[in-house]
Amino acid sequence: MPSKKALVRRPSPRLAEGLVTHIEREKVDVDRAVEQWEAYVEALRTHGWETIEVEPADDCPDSVFVEDTVVMYRNVALITRPGAESRREETAGVEEAVARLGCSVNWIWEPGTLDGGDVLKVGETVYVGRGGRTNAAGVQQLRAAFEPLGARVVAVPVSKVLHLKSAVTALPDGTVVGHIPKVDRPSLFPGFLSVPEESGAHVVLLGAHKLLMAASAPQTAELLTDLGHEVVTVDIGEFEKLEGCVTCLSVRLRELYA
Ligand SMILES: NC(=O)NCCC[C@H](N)C(=O)O
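In this report, the structure presented in the accompanying data block is examined. Note that the structure is a prediction, hence the values are computed from the model and not measured. Position labels on residues start from 1 in each chain and follow its written sequence. Residues qualify for local features only when their pLDDT is at least 70, as the model is predicted, and side-chain atom pairs are given and counted only at 80 or more; totals for whole chains, interfaces and linings, by contrast, use all residues. Heavy atoms throughout the structure, all of them, feed into the side-chain values; hydrogens and water do not.

**A look at helix α3 (residues 136–146)**
Those residues of α3 lying buried are Ala137, Gly138, Val139, Gln141, Leu142, Ala145 and Phe146. Along its buried surface, α3 packs onto β3 (70–73), β4 (76–79), β5 (104–107), β6 (119–122), β7 (125–130) and β8 (152–157). Pairs of N or O atoms are called polar contacts if they sit within 3.5 Å, as long as, within protein, a hydrogen donor faces a hydrogen acceptor (for residues adjacent in sequence, only side-chain-to-side-chain pairs). Segments assigned H or I by DSSP are reported as helices when at least four residues long, segments assigned E as strands when at least two residues long, and all are numbered from the N terminus. For α3, the side-chain oxygen to backbone nitrogen distance between the N-cap and Ala137 is 3.3 Å, and the N-cap itself is Asn135. Exposure is judged per residue with a 1.4 Å probe applied to protein chains only, and the accessible area is read against the type maximum: over 50% gives exposed, under 20% gives buried, and values in between give partly exposed. The contact criterion used throughout is that any non-hydrogen atoms of two residues lie within 4.5 Å.

Following this line, the structure appears as structure tokens:
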């Protein structure tokens, strides 16, 4: 049976020092962030996901954004080489966690850089954002890792936001959702739905038509509910101050067989 496991990583006490690239820095309340993280993890559990905590990386301020350190395709875990040097030490603990789960492990190597936030899977299509964190060598290495497994890798430019998945994610039916002012080339996606809020572009598929979204996108939640989806919301305001989204706080492992 397909698995419903999700990797998560407890916030570092140094979270407030996390990187900020495209927005003004705002003070982060770490205690509040921990509460928000716990509620996020609880939402995953409530909707049927077994959460697995990666060993915390207290010296790495951005380590809670675990999605950036590994990309899954089938049972292969591609350990990334994050574009920001300050994030490179985050990968060791994640590598150990996925190896323990029985994944095959592969790596992005120098000179490649790639952040998991730049990778969006829609069926067998793997979109990869070529932007501030993922370089051309990273894209090539991702192709080399996943195309032999049947993936169709499509590279798309990202210039307006941190990661591809800060701009677009996908609904269960494959429709790509994005907030137009933040999307470089909406026409690259076969089915594109424009949403009214930037954080409305971030959905985590909890299963069937259930979507996890940030509480900061009420109009998009209404739009998607009206299209027959069930929307579950969480407040992740402290992580949004660091350019984090609902997607980046977990890595869903859907194709491991127990
Ligand atoms: N995949 C994501 O959306 N990751 C967010 C990473 C935020 C972190 N402050 C960073 O700049 O790397």
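**Focus on the sheet that holds β3**
In a beta sheet, neighbouring strands pair by backbone hydrogen bonds and run either parallel or antiparallel. Here, strands pair whenever DSSP counts at least two bridges between them. If you trace the 3 strands from one edge of the open sheet to the other, you get β3-β4-β5, paired in mixed fashion. Of all the strands in the sheet, the pair left with one neighbour each is β3 and β5. Ignoring which end each strand starts from, the neighbouring axes of this sheet average 25° apart. Bridge count for β3 against β4 is 4 bridges, and the pairing is antiparallel. When the bridges of β4 are listed, Tyr73 appears paired with Val76. As a rule, the C-alpha atoms of each element are fitted with a line to give its axis, helices using only the stretch in contact, and angles between N-to-C directions run from 0 to 180 degrees. Against the sheet, α3 makes contact with β3, β4 and β5, and its axis sits at roughly 165° relative to β4, the strand it touches most.

**Notes on the pattern of salt bridges**
Here, a salt bridge means any side-chain nitrogen of Lys or Arg that lies within 4 Å of a carboxyl oxygen of Asp or Glu. Evaluation of the coordinates by the stated rule reveals 16 salt bridges. Note that Glu124 and Arg74 form a salt bridge whose closest N and O atoms lie 2.8 Å from each other. Separated by 50 residues along the polypeptide, Glu124 in the loop between β6 and β7 and Arg74 in the loop between β3 and β4 bring together distant segments of the chain. Residue Glu124 is classed as partly exposed on the basis of its relative accessible area of 41%.

**Quick notes on the packing of aromatic side chains**
Pairs were defined over the aromatic rings of Phe, Tyr and Trp, the Trp ring being its six-membered one, requiring ring centres within 6.5 Å. Orientation was assigned from the angle between planes: stacked under 30 degrees, edge-to-face over 60, tilted for the rest. Evaluated as defined, the whole model comprises 5 aromatic pairs. On the basis of an interplanar angle of 65° and a centroid distance of 5.0 Å, the ring pair of Tyr127 and Phe189 is categorised as edge-to-face. Taken together, the residues span a long stretch of sequence, with Tyr127 in strand β7 and Phe189 in the loop between β10 (176–178) and β11 (192–194) at a distance of 62 residues. Look at Tyr127 and you get buried, because its relative accessible area is 3%. Judged by relative accessible area, Phe189 falls into the buried class, the value being 5%. Taken together, the aromatic side chains of Tyr127, Phe189 and Phe192 make up a single cluster linked through ring pairs.

**Brief notes about the site of the ligand**
One heavy atom suffices: a residue is near a molecule or strand as soon as one of its heavy atoms comes within 4 Å of it. What surrounds the ligand is a group of 15 residues, the closest being Leu19, Asp62, Asp68, Arg87 and Arg133. Arg133 is positioned with one of its side-chain polar atoms (N or O) 2.8 Å from an oxygen atom of the ligand. Isolated, the ligand exposes 350 Å² of accessible area, and the fraction of that covered by the protein chains is 100%. Judged by the fraction of its atoms near the pocket grid, the ligand is located in the largest cavity. Under the scheme applied here, ten amino acids are nonpolar (Ala, Val, Leu, Ile, Met, Phe, Trp, Tyr, Cys and Pro), four are charged (Asp, Glu, Lys and Arg), and all others, including Gly, are polar. In the shell around the ligand, the residues fall into 6 nonpolar, 3 polar and 6 charged. All accessibility values rest on the Shrake-Rupley procedure with a 1.4 Å probe; residue burial counts only the protein chains present in the view. Whether a set of points on the 1 Å grid over the protein atoms alone is a cavity depends on a 1.4 Å probe fitting there but being unable to get out, while an open set qualifies as a pocket with protein on both sides within 12 Å along at least five of seven lines; lining residues are those with an atom within 4 Å of a point. A molecule is counted as occupying a cavity or pocket when more than half of its atoms fall within 2 Å of that pocket's grid points.

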